[in-house]
Number of protein chains: 2
Amino acid sequence: MLPSSTVENYLKAIYVAEAQLENGQRLVPMGQLAATLGVAPGTATTMVKALAESGLAAYEPYNGVRLTSSGERLAARRRRRHRLIESFLVQVIGMNWDEVHEDAEQMEHVVSDRLIDRIDDMLGHPESDPHGDPIPTADGQLPRRPLETLLTCPLHTPVTVARVTDQDAAFLRFIESNHLKPGETIEVEARDEVSDSVRLKGRRDARMTIGARAASKLLVTADGGRGL
Amino acid sequence: MLPSSTVENYLKAIYVAEAQLENGQRLVPMGQLAATLGVAPGTATTMVKALAESGLAAYEPYNGVRLTSSGERLAARRRRRHRLIESFLVQVIGMNWDEVHEDAEQMEHVVSDRLIDRIDDMLGHPESDPHGDPIPTADGQLPRRPLETLLTCPLHTPVTVARVTDQDAAFLRFIESNHLKPGETIEVEARDEVSDSVRLKGRRDARMTIGARAASKLLVTADGGRGL
DNA sequence: TGGCTGATTTTGATTAATCAAAACTATAAA
DNA sequence: TTTATAGTTTTGATTAATCAAAATCAGCCA
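Residues numbered from 1 in each chain as written. Chains lettered and ligands numbered in written order. Predicted model: local features only at pLDDT ≥ 70, side-chain atom pairs only at ≥ 80, totals over all residues.

**Some words on the overall build of chain A**
So, step 1. Across its full length, chain A carries eight helices and eight strands.
So, step 2. Taken over the C-alpha trace, chain A has a radius of gyration of 19 Å; the compact-globule value for 228 residues is 17 Å, and the two agree within 12%.
So, step 3. Along the three orthogonal principal directions, the C-alpha set of chain A runs to about 55 × 45 × 25 Å.
So, step 4. Residue burial in chain A is summarised as follows: out of 228 residues, 32% are buried. (Helix = DSSP H or I, 4+ residues; strand = E, 2+ residues; numbered from the N terminus. Rg over C-alpha atoms; globule rule 2.2 N^0.38 Å. Buried ≥ 20, exposed ≤ 12 C-beta atoms within 10 Å, placed from the backbone.)

See below:
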C-alpha cells in the first residue's frame, strides 16, 4: 500500500521533469525519464505502467507521462520530508549544505511521520530549506513567492538571494565562498549576451562575473528585504 | 559489496540469538532464527547459506549457524549505528526513549558514516545509549562493564541502574514512570522465590514489587556511583 | 506515399528475497 | 533395531526491479 522508495523516486523524477517542460509540452517523454533515473528505457515504461495502474500517473503510450493529482500529492509529501531533513542536517547537526543531499535522499524514505513532525517543530515550521527551496505544508500546499532569476531581475537594484536551484556540491561551495547564499543582498550591474555572462556586486561591494547558466540558478526577490 | 539491510538484519538476529544460547550450545538453530526474523524456515536456510558463502557466518547443516569474526565485526558496526541513532533521537530531538526504536531500526541502514561520526561528536562519544546498552567504538570494541541483574545483586545495598535489556515500549514506560531508568539509585530489599518477585526501594524510598522476569532485565552496578 | 530514423514498447532473462509444500535427517522412544 | 516426529532442507513459484536486445511505432523528408 505505502509506496516503495523506487516508486517515490519515479514520482519525484516525473515531477521535476514536468516542471522543466518547454512551452506547450504536457507530458514527460519516457527516454528523458529513464535517463534521469539512470535506468534502461524499457524499465521506465514498465514502471510507469504500474504507476498508472495505481492511479499515481497518467500514461499515454508513445507520448509520455505526467502525475495525477494523487501522484502530485505524494510527490509533495516526499519533497516536504526531503527539505525538512536537509534543513535539519544543516541547522541542527551542523553539516555543510553541500553534503546533506545524499543522506536526506535516503532518510526521506524511512523516517517516521512522528520524527518529521518533531523536526518541523524544532525548526519552527520553516518555509524553505537551506537552498531556499520552499517546503510544502503537511497537506501539500506550497508557500508561493514570485521569484526572478539573475537573468530577469532589474539592473542596479538591490535584490535578495532567495533560492539556489542546483544541488551540485561544487556549485554550492562556489556560491558559499562568494557570499551568494540565500539571504545575501546583491545587485546585478550588467548582463552581456555575447560573453554569456552576468556581472554582480556582492557583499562589501565585491565584484564578480558568473556565467548565464549559473545566473539562471540563482533566484532572487526584487525587494531589499530578507529572502526567507 | 556492502551488505543489504536484509543481510544486516540476519547478522543482528544471529548475534542476539547467539548471546542467549544456553550452556554448551554454540550454534543457533535455524527454526529459532526463522521465527525471530518472521520468515519461513526454508528462507532462513537459503539466506544463511548465502551468508556462509560470503564468509559472514559459519553454517553447519541440520545443526545451526554462528557468526564468523567478520560477521561479528559487521554486526558490531551496525549495533554502534543503531545505538548512536537512538541516543541522538532521545537527547537531541527529544523523542521519548520508548518511541525511538523503529526509526533507529530504519535509519541505521541508510545514514552515512559521516553523519554517524557527526552524531557521535555531538553526543560527546557516549559509552551507552538511553537504555544503557553499550555502544561499540568505531573499530568494534565494546566498553565492557561487569553488571549484575536485580536477581543477583546484593540485598540492602544501593545500586545504580545501568541498563534495561528490553525494548518493549510498554515496559520502558513502566520503567520510566517508576523512576527506574539508567542512572537511578535503588536498593533490593527482598527476593521471593515462591511469588517469583523482587521488592525494591526506589527514589524517595518508594517501595515496589516487580516480577522476577522483569527484574532480570534491569542491570545494575554494585557501587553507588553514576551508572553512565 | 513510401521509407527511414529515432524513440518507445515488448520479450525473455536475471537477481534478491520470499513462501508453501514436499522431501529429507536425526534423534529419541518403543 | 525400527519407527515416529520434530526440525531442516529442497523444490518450484512468486514479486519487485532491473537489463539487453528484438520488435514496433510516429513523424518527417523526399
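Alright, that's what it looks like, and here's the rest.
**Comments concerning the environment of R204 of chain B**
So, step 1. In this structure, R204 of chain B sits in the loop between strand 6 (197–201) and strand 7 (207–211).
So, step 2. When the C-alpha positions of R204 of chain B and L2 of chain B are compared, they lie 51 Å apart, and in sequence the two are 202 residues distant.

**Focus: the packing of helix 4 (residues 69–91) of chain A against helix 6 (residues 113–122) of chain A**
Residue and element names in this part refer to chain A.
So, step 1. At their nearest, the axes of helix 4 and helix 6 sit 10 Å apart, and the two run at 55° to each other. Regarding the angle of helix 4 to helix 6, the classification is oblique. In this structure, the crossing between helix 4 and helix 6 has a hand that is left-handed. Across the interface between the two elements, R81, L84 and F88 from helix 4 touch I116, I119 and D120 from helix 6.
So, step 2. Here the contact of helix 4 with helix 6 is composed, by residue class, of four nonpolar, no polar and two charged. (Axes fitted to C-alpha atoms, helices over the stretch in contact; angles between N-to-C directions. Parallel < 35°, antiparallel > 145°, perpendicular 65-115°, else oblique. Left-handed = near helix turned anticlockwise from the far one by under 90°. Contact = placed C-beta atoms within 7 Å. Nonpolar A, V, L, I, M, F, W, Y, C, P; charged D, E, K, R; others polar.)

**Quick look at the protein's contact with DNA strand C**
So, step 1. What surrounds DNA strand C is a group of 20 residues, the closest being P29, G31 and G42 of chain A together with S4 and T43 of chain B.
So, step 2. Residue classes in the surface near DNA strand C are distributed as ten nonpolar, ten polar and no charged. (Near = placed C-beta within 6 Å.)

**Comments concerning the confidence of the model for chain A**
So, step 1. Here chain A shows a mean pLDDT of 88. Residues at 70 or above account for 96%.
So, step 2. Under a pLDDT of 50 for its full length, residues 224–228 of chain A has, in the predicted model, 17 contacts with residues more than four places off or in other chains. (pLDDT = per-residue confidence, 0-100.)

**Focus: the relation of the copies chain A and chain B**
So, step 1. Overlaying chain A on chain B yields an RMSD of 0.1 Å, the required transformation being a rotation through 180° with an accompanying axial translation of 0.0 Å. Such a combination of turn and shift is consistent with a two-fold rotation axis. Closest to the rotation axis within chain A is the C-alpha of M107 of chain A, separated from it by 3.3 Å.
So, step 2. When the interface residues of chain A are mapped onto chain B, 100% of them are again interface residues, pointing to one common binding face. (Least-squares fit on C-alpha atoms with pLDDT ≥ 70 in both.)

**Focus: the pairing of strand 8 (residues 218–221) of chain B**
Residue and element names in this part refer to chain B.
So, step 1. Direction of pairing for strand 3 (residues 148–149) relative to strand 8: antiparallel, over a ladder of two bridges. The partner of T149 across the bridge, within strand 8, is L219.
So, step 2. Sheet analysis places strand 4 (residues 159–164) next to strand 8, joined by four bridges and oriented antiparallel. By the bridge assignment, R163 is partnered in strand 8 with L219. (Pairing = 2+ DSSP bridges.)

**Points about the nonpolar core**
So, step 1. By size, the foremost hydrophobic cluster in this structure holds 60 residues, and its most contacted members are I85, L218 and V220 of chain A together with L89, L218 and V220 of chain B.
So, step 2. Tallying contributions element by element places helix 4 (residues 69–91) of chain B first for this core, with five residues.
So, step 3. Look past the residues within four positions of L218 of chain A in its chain and what remains in contact with it is T149, L150, V161, V164 and L180 of chain A. (Core = buried A, V, L, I, M, F, W, Y, C linked by C-beta atoms within 7 Å.)

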